[in-house]
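The residues making up each chain are set out below.
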Amino acid sequence: MSVILECKSLTKKFGSTTALFNVNLSLERGKIIGLLGPNGSGKTTLIKIINGLLVPDTGSIKIAGMNPGVESKKIVSYLPEKTYLPDWMKVSEAISFFKDFYGDFEEKRAYDMLHRLNLDPTKRLKTLSKGTKEKVQLILVMSRRANLYCLDEPIGGVDPAARDYILNTIITNYDENATVIISTHLIADIENVLDEVVFIKEGSLVLHAPVDEIREKEGKSIDSLFREVFRC
Amino acid sequence: MLAKLTKHELYATGRIFLPLYSIMLLLSLINRGFSSIGELSSPFKTLKGFMVAAYVISIVATLVITFVIIILRFYKNLMSDEGYLMFTLPVKPSQLINAKLIVSFLWNILSIFVVATSLFIILGTSKNLEMFRGLLDLAVTGLKSTFGSSYPILIAEYIIMIFVCTIYQILMIYVSIAIGHLLNEHKVIGSFAAYIAINTIIQMLVSIIVLIWTNLELSIFTYTPYYGTTETITGNNVNYSVSIVQAITKQIIPFSIIFSVLCCVAFYLVTNYIFKKKLNLN
């Protein structure tokens, strides 16, 4: 199996706080990986480094063998936890924008998903609710044929019914060569779709293992293991 | 990719600027119409007064808003949440700056042309045009008599200067926003502080350079290009004015241009460095 993401002794500090400390992580293609940890544990920092929004202080990071940059951004599809689309745009304009900049964007796929969710592409983003905006963003991000998807809290702001649809969208929209990283603390909701989990605590990696192995060895669900590891 | 970024930037800003410019041109047409009618009955007089006021406001708005939009656009599109979209596009940070700079420059120059056009619409009666032509002739004669054959060079230098200064202003705003953004909190205040600091440093640099320069070779007069004050020259000494003329076209303006270009390069490189290595989106 080839490696899509390789982090070596990655460290990132903000002033006196250490967001990530000596993270070594290697992810293979074709997996759905849960990046799990409490708030402020460094999940978003790691995802931002993968996407070139932050530069690590020390250590190296390779995406399909490349440093974060123009070439890596072509193959990484990123859903931040922010609503990052200009709100004056119409949904259809946001789609054209993605189509213009990402060679792997499939317009038809995006319109199909919009249609399935009963979203009107002629609407301006500012007229949509926060949850609906998040759905639009997820549709855009999942309409790319990327090698690595980084989804930062993709289900945080939407209702449980939409959660199921979104998870389904994620599972059915990535191909076997691609890897999906889902960062969240809503573990019970996504547990069943994950192949592997990465536990991150105060900036350090505490666990990286296949879900089946954990269930077999520990005899408990990821959710209960999480509660155990991160007991306050 | 730069072409695509520029296209999107034009689209995103054009939706504000084009209506603004259209309104101004429309108001100038209306006012021209009113002034050609002559005597008006009183309700129309009120309307006319209202239209004149609206026109003046639209001119001020065009010039002010052009700059405000340039600032807001850079801040909002790159430094706020939208930055997550822009900085994860498969483009270099320098291309993001270039696209913004090109489009801001275009709107700046265009806003001058639009205001000029609107003034032409309002004031362009045959009598006024005659007078304008007369003034232009007078100006050219004046320039010729003072600067002799080198007056086209002076005009060319001035035009270059306007372009360079426009870019200088835009890049100084960009670099200030980028520096302010390095802070974890109070980014906007930080940007203002950075702007004032950069301005002060440059003023000081210019003063020092001018001081050294005037001491070195030009003890006959003092001229500081950035403050725009010339010491009055008394008497009609020909040699005197020749040396000043030469100083203006051969030294002062070229120096100002070179100095501004160097500042622009510094602003650009710092902004690009921050975007590449120190990006700190909230």
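Not measured: the values here are computed from a predicted model. (Residues numbered from 1 in each chain as written. Chains lettered and ligands numbered in written order. Predicted model: local features only at pLDDT ≥ 70, side-chain atom pairs only at ≥ 80, totals over all residues. Heavy atoms only, no water.)

(A) Expanded view of the packing of aromatic side chains. Tallied over the entire structure, the rule returns 16 aromatic pairs over all chains. Here F74 of chain B and F275 of chain B contribute two aromatic rings whose centre-to-centre distance is 5.9 Å and whose plane-to-plane angle is 20°, an arrangement assigned as stacked. With F74 of chain B in helix α2 (residues 42-79) and F275 of chain B in helix α8 (residues 238-277), this pair connects stretches of sequence that are 201 residues apart. Accessibility classification places F74 of chain B together with F275 of chain B in one group, the buried group. Here the aromatic cluster, defined as three or more aromatic residues joined through ring pairs, consists of F74, F87, Y174 and F275 of chain B. Here R144 of chain A stacks its cationic end above the ring of Y102 of chain A, 3.7 Å away from the centre of that ring. (Phe/Tyr/Trp six-rings, centres within 6.5 Å; stacked < 30°, edge-to-face > 60°. Helix = DSSP H or I, 4+ residues; strand = E, 2+ residues; numbered from the N terminus. Buried < 20%, exposed > 50% of the residue type's maximum accessible area, 1.4 Å probe, protein only. Lys NZ or Arg CZ within 6 Å of the ring centre and 35° of its normal.)

(B) Spotlight on the nonpolar core. In this structure, L151 of chain A together with F275 of chain B are the most contacted members of the largest nonpolar core, which totals 123 residues. Taken domain by domain, this core gets at least three of its residues from each of domain 1 (1-124) and domain 2 (148-282) of chain B. Core analysis: the second largest hydrophobic core is formed by 15 residues, L27, W107, V114 and V115 of chain B among them. (Core = buried A, V, L, I, M, F, W, Y, C linked by side-chain atoms within 4.5 Å. Domains from an automatic or database assignment.)

(C) Just the sheet that holds strand β4 (residues 58-63) of chain A, in detail. All names here are of chain A. Taken in spatial order, the three strands make up an open sheet running β2-β1-β4, and their pairing is antiparallel. Two strands close off the open sheet at either side, each with one partner strand: β2 (17-28) and β4. Geometrically, the sheet is characterised by an average inter-axis angle of 15° between neighbouring strands, direction not taken into account. Its contacts with the sheet place helix α1 (residues 43-50) against β1 (3-14), β2 and β4, and it is angled at close to 120° to β1. (Pairing = 2+ DSSP bridges. Axes fitted to C-alpha atoms, helices over the stretch in contact; angles between N-to-C directions. Contact = heavy atoms within 4.5 Å.)

(D) Spotlight on the interface of chain A and chain B. The partner chain B presents 26 residues to the 23 residues of chain A that form the contact. Summed over both partners, the interface of chain A with chain B comes to about 2,500 Å²; 65% of that surface belongs to carbon and sulfur atoms. A salt bridge links D100 of chain A to K7 of chain B, with the shortest nitrogen-to-oxygen separation between them at 2.8 Å. On the surface where chain A and chain B come into contact, there are eight residue pairs in polar contact (both at pLDDT 80 or more). Elements supplying a minimum of two residues to the side of chain A that touches chain B: α2 (70-73) and α3 (91-101) of chain A. When residues in the side of chain A that touches chain B are grouped by element, the largest group, five residues, is from α3 of chain A. Residues belonging to the side of chain A that touches chain B are distributed by class as follows: 14 nonpolar, two polar and seven charged. (Buried area = accessible area lost by both parts, 1.4 Å probe. Salt bridge = Lys/Arg side-chain N within 4 Å of Asp/Glu carboxyl O. Polar contact = N/O pair within 3.5 Å; in protein donor to acceptor, adjacent residues only side chain to side chain. Nonpolar A, V, L, I, M, F, W, Y, C, P; charged D, E, K, R; others polar.)

(E) How the structure looks around the pattern of salt bridges. Residues and elements named next belong to chain A. Scanning all chains against the criterion turns up 19 salt bridges over all chains. The closest approach of N and O atoms between E228 and K220, which form a salt bridge, is 2.7 Å. On the basis of relative accessibility, which here comes to 23%, the residue K220 falls in the partly exposed class. Counted as one network, the salt bridges with shared partners bring together E191, D212 and R215.

(F) Quick peek at the domain arrangement of chain B. All names here are of chain B. Here the domain parsing of chain B yields domain 1 (1-124) and domain 2 (148-282). Opposite the 22 residues of domain 1 that make contact, domain 2 presents 19 residues. Here domain 1 meets domain 2 over a buried area of about 2,000 Å², counting both sides, of which 83% is carbon and sulfur. Summed over the three residues of domain 1 that lose the most area to domain 2, namely F74, M79 and I97, the buried surface amounts to 29% of that side. For the interface between domain 1 and domain 2, the tally reads zero salt bridges. At the boundary of domain 1 with domain 2, the tally comes to five residue pairs in polar contact (both at pLDDT 80 or more). When contributions to the side of domain 1 that touches domain 2 are tallied by element, the ones reaching two or more residues are α2, α3 (82-86) and α4 (93-123). Its residues assigned to classes, the side of domain 1 that touches domain 2 shows 14 nonpolar, six polar and two charged.

(G) Broad picture of unusual backbone geometry. The backbone of S9 of chain A shows a phi angle near 35°, a positive value even though the residue is not glycine. Positive phi values are uncommon outside glycine, yet H186 of chain B reaches one of about 50°.

(H) Structural detail: the packing of helix α1 (residues 2-37) of chain B against α2 of chain B. Residues and elements named next belong to chain B. Where α1 contacts α2, the two axes come as close as 9 Å, and the packing angle between them is 165°. Comparing the axis directions of α1 and α2 gives the class roughly antiparallel. Here α1 and α2 pass one another in a crossing that is left-handed. In the contact of α1 with α2, the residues fall into 19 nonpolar, eight polar and three charged. (Parallel < 35°, antiparallel > 145°, perpendicular 65-115°, else oblique. Left-handed = near helix turned anticlockwise from the far one by under 90°.)

(I) The environment of I179 of chain B, seen in detail. Residues and elements named next belong to chain B. Structurally, I179 can be placed in helix α6 (residues 151-180). By relative accessible area, I179 is classed as partly exposed at 31%. Along the sequence, I179 and A61 sit 118 residues apart, while their C-alpha atoms lie 28 Å from each other. When residues no more than four places from it in sequence are discounted, the contact partners of I179 are A194, I198 and I274.

(J) Region of the structure containing a nonpolar patch on the surface. All names here are of chain B. Among the surface-exposed residues, V52, V56, V60, V64, V68 and L72 lie close enough to one another that they form a single nonpolar patch of about 460 Å² accessible area. With respect to the helices, strands and loops of the structure, V60 is situated in helix α2. According to the relative accessible area criterion, V60 is partly exposed, its value standing at 46%. (Patch = residues over 30% accessible without salt bridge, like charges linked within 9 Å, V, L, I, M, F, W, Y side chains within 5 Å. Areas by Shrake-Rupley, 256 points an atom, 1.4 Å probe, with all protein chains shown as cover.)

(K) Focus on the state of the cysteines. Across all of its chains, the model carries zero disulfides over all chains by this definition. Free cysteine: C7 of chain A, not disulfide-bonded; nearest cysteine sulfur from C150 of chain A at 10 Å. Looking at C7 of chain A, the relative accessible area reads 1%, which means it is buried. Lacking any disulfide linkage, C264 of chain B is separated from the closest cysteine sulfur, that of C263 of chain B, by 7.0 Å. Accessibility expressed as a relative area gives 9% for C264 of chain B, which makes it buried. (Disulfide = S-S within 2.5 Å.)

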